[in-house]
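Survey of secondary and tertiary structure
Below are the chains, spelled out letter by letter.
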Amino acid sequence: MGQYTASQRKNVRILLVGDAGVGKTSLILSLVSEEYPEEVPPRAEEITIPANVTPEQVPTSIVDFSTVEQSEDALAAEINKAHVVCIVYAVDDDDTLDRITSHWLPLVRAKCNPSLDGDGDAEAEAEGDIQREPIRKPIVLVGNKIDLIEYSTMDSVLAIMEDYPEIESCVECSAKTLHNISEMFYYAQKAVLHPTSPLYMMEEQELTSACKKSLVRIFKICDIDGDNLLNDYELNLFQRRCFNTPLQPQILDEVKAVIQKNVPDGIYNDAVTLKGFLFLHCLFIQRGRNETTWAVLRRFGYNDHLEMCQEYLRPPLKIPPGSSTELSHRGQQFLIAVFERYDRDGDGALSPEEHKMLFSTCPAAPWSYSTDIRKSCPINETTGWVTLHGWLCRWTLMTLIDVVKTMEYLAYLGFNVHENDSQLAAIHVTRERRIDLAKRQSSRSVYKCHVIGPKGSGKTGMCRGFLVEDMHKLIGKEFKTNVVHCINSVQVYGQEKHLILRDIDVRHALDPLQPQEVNCDVACLVYDSSNPRSFEYVARIYIKYYAESKIPVMIVGTKSDMDERRQDYLMQPSEFCDKYKLLPPHLFSLKTNKKELYTKLATMAAFPRFQAAWILFYKHRLVQLWESAHLRQFGLMTEDPKLWWKAGLGVAAATMLGFIVLKTLSAAGAHSR
């Protein structure tokens with residue numbers, strides 16, 4: 001995909017109004033025929049000029065209005081349909097000039113805002129206390145018959161422009177000599193495609209606050225090294241991205257000289273400051289080059305109201321049923337670059353202030369720093385700040401559960417501009433889950449595990465333990481913040497995978513689960529091994545929701561450091577797992593500080609319905625345990641070949657035993673399927 005630019009209007013509709021005899025119809029006919037018409041009808045028919053013959057390459061319709069042939073209702077309809085209204089006056093008739101302010105401008109305002117016209121809507125607004133911004137239709141003032149006088153009316157017209165901000169421009173022309181005819185319609189087109197009023201306040205001779213805010217965001221995005229300056233390299237990149245052409249060194253020097261002359265602190269260390277950048281755009285607008293500033297704004301996703309376009313923020317993304325969304329390599333690289341740009345002290349972590357600055361180009365941060373990202377992702381355990389690994393984890397989480405939000409924030413941070421592509425390039429859509437199940441292997445790198453169990457079972461501690469190096473720090477801690485998701489990476493057969501743990505409470509054994517609480521890549525059903533009434537919850541959940549499903553399930557008994565209690569249920573956990581052909585319950589405790597549970601869960605998600613892969617893990621662990629228990633008695637540093645020969649026989653025996661267990665459980669798994 002090529003360069004993405006926010007779309008603008010696909011057509012322009014121009015309406016000409018004014019007193020009788022000012023030459024509205026003559027102007028239209030002179031433009032079309034390129035000669036002055038000797039006979040002029042009361043009203044010209046609507047004409048459409050093809051895009052290829054207009055300066056802006058946009059189809060343009062020109063509509064004439066006649067007070068003789070048309071009613072006031074027809075006028076109101078035409079004003080509302082038009083994108084721009086040209087009010088024509090005769091430069092040789094002061095009365096027609098006076099009626100611009102006494103009649104035509106108030107009339108256009110009233111027809112665009114019925115409540116100003118004395119209609120019933122005014123009462124409705126008063127009753128409902130509705131505050132609405134008045135609609136400002138762009139206006140171009142056109143002085144015709146300039147061939148009849150030797151003076152200009154521009155001073156009078158400029159005074160009118162100061163009182164009516166909707167007036168975009170003014171022009172004097174002659175339908176008879178064709179002077180400025182093309183320019184008049186170009187200005188009308190320009191008033192629609194590159195309006196001044198959203199950018200500039202005539203009275204204050206200043207950029208509007210909305211325009212300043214947009215340009216500040218653009219400046220920050222283009223400031224690649226984060227030094228609050230745009231150097232020559234950054235300015236050249238900016239020029240290429242917005243106009244597809246490099247900035248010649250001579251022109252760049254001239255631009256800097258103009259800024260330096262008018263804004264002393266607009267240049268610093270031969271680079272452009274934010275003040276200089278804003279001044280430059282103010283100068284473009286004052287010199288009538290609105291299209292330059294609009295080209296920049298639209299390249300960065302802004303519409304005519306200086307709001308981010310929805311199609312820019314949310315490009316259409318097709319996600320087949322059963323597929324999921326992950327960050328692509330380009331998406332990850334972009335986010336790494338953003339992190340490194342705002343990690344000003346280079347400590348590999350984002351402080352709260354750095355985090356705030358990073359999202360200063362966005363309406364707000366996508367998450368809370370203190371109560372969300374620090375509780376759901378790995379952090380620097382000394383400072384409590386978010387590391388690069390944690391930063392990527394949090395984006396990975398958001399991409400899986402809310403990919404639209406990910407695309408929005410990538411746009412706010414400038415992905416579209418830096419990567420010269422839409423955010424779709426930052427997203428990878430995985431293959432459908434049914435294909436993974438058929439192949440018994442997942443191609444995904446991000447898995448969602450639902451951790452389900454009764455309140456107080458220890459599942460929240462289990463989830464938080466996934467984020468820290470030393471789980472002992474969590475012992476006795478009360479988890480006040482209600483963070484639903486925890487994410488970290490694990491190794492599955494040498495490949496890095498991200499595992500998302502979603503904490504789901506079950507308050508009563510018979511409480512129903514919603515489909516979105518059931519469906520996941522792997523389910524972890526948690527009970528408190530020291531509470532005799534705890535297992536019943538997860539047993540009922542398994543039978544009701546997972547016994548007939550294809551979702552792999554792991555049953556976990558927490559608080560294994562305490563005395564294990566017999567469960568008040570038909571079967572004990574081990575018997576239950578044996579009956580339903582599940583792996584034996586995994587006993588877990590924060591005090592042991594062992595993290596193999598998370599690897600098991602990720603492995604089960606990576607190999608759905610593939611019992612052998614899970615058991616391989618146990619076989620490997622069995623050999624490790626046997627080696628650690630028995631090889632020591634032979635002496636690891638011994639030089640006696642007989643002892644090593646005995647050790648070899650022992651390892652072979654353990655391997656054979658694991659193979660037998662593997663075959664048996666694989667057969668049992670096949671039988672259960």
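Residues numbered from 1 in each chain as written. Predicted model: local features only at pLDDT ≥ 70, side-chain atom pairs only at ≥ 80, totals over all residues. Heavy atoms only, no water.

Notes on the overall build of the chain
Along the chain, the regular secondary structure elements total 26 helices and 20 strands. Out of the 673 residues in the chain, the part that is buried amounts to 50%. A separation threshold of at least 6 residues defines the contact pool for the chain, and within that pool the share at least 24 residues apart is 70%. Surface exposure of the chain reaches about 32,800 Å², of which carbon and sulfur atoms provide 52%. (Helix = DSSP H or I, 4+ residues; strand = E, 2+ residues; numbered from the N terminus. Buried < 20%, exposed > 50% of the residue type's maximum accessible area, 1.4 Å probe, protein only. Contact = heavy atoms within 4.5 Å. Areas by Shrake-Rupley, 256 points an atom, 1.4 Å probe, with all protein chains shown as cover.)

Details of the packing of helix H8 (residues 232-243) against helix H11 (residues 290-299)
Running from amino to carboxyl end, H8 crosses H11 at an angle of 90°, the nearest separation of the two axes being 9 Å. Here H11 runs roughly perpendicular to H8, going by the angle between their axes. Between H8 and H11, the contacting residues are Phe238, Arg241, Cys242 and Phe243 on the first element and Thr292, Ala295, Val296 and Arg299 on the second. When its residues are assigned to classes, the contact of H8 with H11 shows five nonpolar, one polar and two charged. (Axes fitted to C-alpha atoms, helices over the stretch in contact; angles between N-to-C directions. Parallel < 35°, antiparallel > 145°, perpendicular 65-115°, else oblique. Nonpolar A, V, L, I, M, F, W, Y, C, P; charged D, E, K, R; others polar.)

Let's talk about the nonpolar core
Membership of the largest hydrophobic core comes to 71 residues, with the highest contact counts inside it found for Ile218, Phe300, Phe359, Trp391 and Trp395. It is helix H10 (residues 274-286) that contributes the most residues to this core, eight residues altogether. When near neighbours in sequence (up to four residues on either side) are disregarded, Phe359 contacts Ala365, Pro366, Trp367, Trp391, Trp395, Tyr409 and Leu413. Formed by 31 residues, the second largest nonpolar core is a distinct cluster that contains Phe466, Leu467, Leu499 and Cys524. (Core = buried A, V, L, I, M, F, W, Y, C linked by side-chain atoms within 4.5 Å.)

Some thoughts on the sheet that holds strand S16 (residues 485-492)
Here six strands make up an open sheet; going across it, the order is S16-S17-S15-S18-S19-S20 and the pairing mixed. With partners counted over all chains shown, the strands left at the sheet margins are S16 and strand S20 (586-587), one partner each. Sheet topology note: the strand S15 (residues 446-454)/strand S17 (residues 495-506) ladder contains nine bridges and is parallel. The residue bridging Val451 from the neighbouring strand is Asp503, located in S17. Along the sheet, helix H22 (residues 535-546) makes contact with S15, S17, strand S18 (522-528) and strand S19 (553-558), crossing S18 at roughly 155°. (Pairing = 2+ DSSP bridges.)

Re the side chain of Arg13
When you line up the elements, Arg13 lands in strand S1 (residues 12-18). Given a relative accessible area of 14%, Arg13 falls into the buried group. A polar contact of 3.1 Å, which involves the side chain of Arg13, links it to the side chain of Glu46. (Polar contact = N/O pair within 3.5 Å; in protein donor to acceptor, adjacent residues only side chain to side chain.)

Overview of a negative patch on the surface
On the surface, a cluster of negative charge is contributed by Asp92, Asp93, Asp94, Asp95, Asp98 and Asp147. Mapped onto the fold, Asp94 is located in helix H3 (residues 94-112). (Patch = residues over 30% accessible without salt bridge, like charges linked within 9 Å, V, L, I, M, F, W, Y side chains within 5 Å. Salt bridge = Lys/Arg side-chain N within 4 Å of Asp/Glu carboxyl O. Lys, Arg positive; Asp, Glu negative; His and termini not counted. Charge placed at Lys NZ, Arg CZ, Asp CG, Glu CD.)

Notes on helix H2 (residues 72-81)
In an α-helix, one turn spans 3.6 residues, which is why side chains three or four residues apart end up on the same side. Taken residue by residue, H2 has Leu75, Ala76, Glu78 and Ile79 as its buried positions. The buried residues of H2 occupy an angular sector of 165° when the element is viewed end-on, so they sit on one face. Lining the buried residues of H2 we find S1, strand S3 (60-64) and H3. (Arc of directions from axis to C-beta.)

Here we look at the sheet that holds strand S5 (residues 139-144)
With mixed pairing, six strands are arranged side by side in an open sheet as S2-S3-S1-S4-S5-S6. In this open sheet, the two edge strands, each paired with only one partner strand, are strand S2 (47-49) and strand S6 (167-172). Across the sheet, the mean angle from the axis of one strand to that of its neighbour is 25°, orientation sign disregarded. Direction of pairing for strand S4 (residues 84-90) relative to S5: parallel, over a ladder of six bridges.

Points about the side chain of Ser457
Mapped onto the elements, Ser457 comes out in the loop between S15 and helix H20 (459-465). Take Ser457: its relative accessible area is 2%, and that puts it in the buried class. Within polar-contact distance, the side chain of Ser457 engages the backbone oxygen of Pro454 at 2.8 Å. Excluding its chain neighbours within four sequence positions, the residues that come into contact with Ser457 are Val526, Tyr527, Asp528, Ser534, Thr558 and Lys559.

Digging into the environment of Asp436
Tracing the backbone through its elements, the reader meets Asp436 in helix H19 (residues 433-439). Residues within four places of Asp436 in sequence aside, it is in contact with Arg431, Gln441, Ser442, Ser443, Arg444 and Pro608.

Overview of unusual backbone geometry
Even without being a glycine, Glu34 presents a positive backbone phi close to 60°. Tracing the sequence through the fold places Glu34 in the loop between helix H1 (24-33) and S2. Although it is not a glycine, Asn244 sits at a positive phi angle of roughly 55°. With respect to the helices and strands, Asn244 occurs in the loop between H8 and helix H9 (249-262). With relative accessibility at 59%, the residue Asn244 sits in the exposed group.

Focus on the confidence of the model for the chain
Within the chain, residue pLDDT values average 86, and 86% of them lie at 70 or more. Between residues 119-130, whose pLDDT stays under 50, and residues either more than four places distant or in other chains, the model counts seven contacts. Throughout residues 629-673 the model reports pLDDT below 50, and contacts reaching past four residues in sequence, or to other chains, amount to 31 contacts. (pLDDT = per-residue confidence, 0-100.)

What about the pairing of S6?
Counted residue by residue, S6 has six buried out of six residues, so it is predominantly covered. Tracing the backbone out of S5, into helix H5 (residues 154-163) and back to the parallel element S6 gives a crossover that is right-handed. (Right-handed = clockwise from strand over helix to strand, strands pointing away.)

Some remarks on the pattern of salt bridges
Considering all chains together, one arrives at 26 salt bridges under this definition. For the salt bridge of Lys256 with Asp232, the shortest nitrogen-to-oxygen distance reads 2.5 Å. Of this pair, Lys256 sits in helix H9 while Asp232 is found in helix H8, placing the two residues 24 residues apart along the sequence. When its relative accessible area of 30% is taken as the criterion, Asp232 is described as partly exposed. Here Arg444 makes a salt bridge to Asp521, at a shortest N to O gap of 3.3 Å. One end of the pair, Arg444, is in the loop between H19 and S15; the other, Asp521, is in the loop between helix H21 (515-518) and S18, and 77 residues separate them in sequence. Each member of the salt-bridge network shares a partner with another, and the members are Arg13, Glu46, Glu78 and Lys81.

Remarks on the environment of Val451
By secondary structure assignment, the location of Val451 is in strand S15. Val451 sits in the buried class, given a relative accessible area of 0%. Note: C-alpha distance between Val451 and Val526 (75 residues apart in sequence) is 6.8 Å. What Val451 contacts, discounting residues up to four positions off in sequence, is Lys459, Met462, Cys463, Leu501, Arg502, Asp503, Ile504, Cys524 and Val526.

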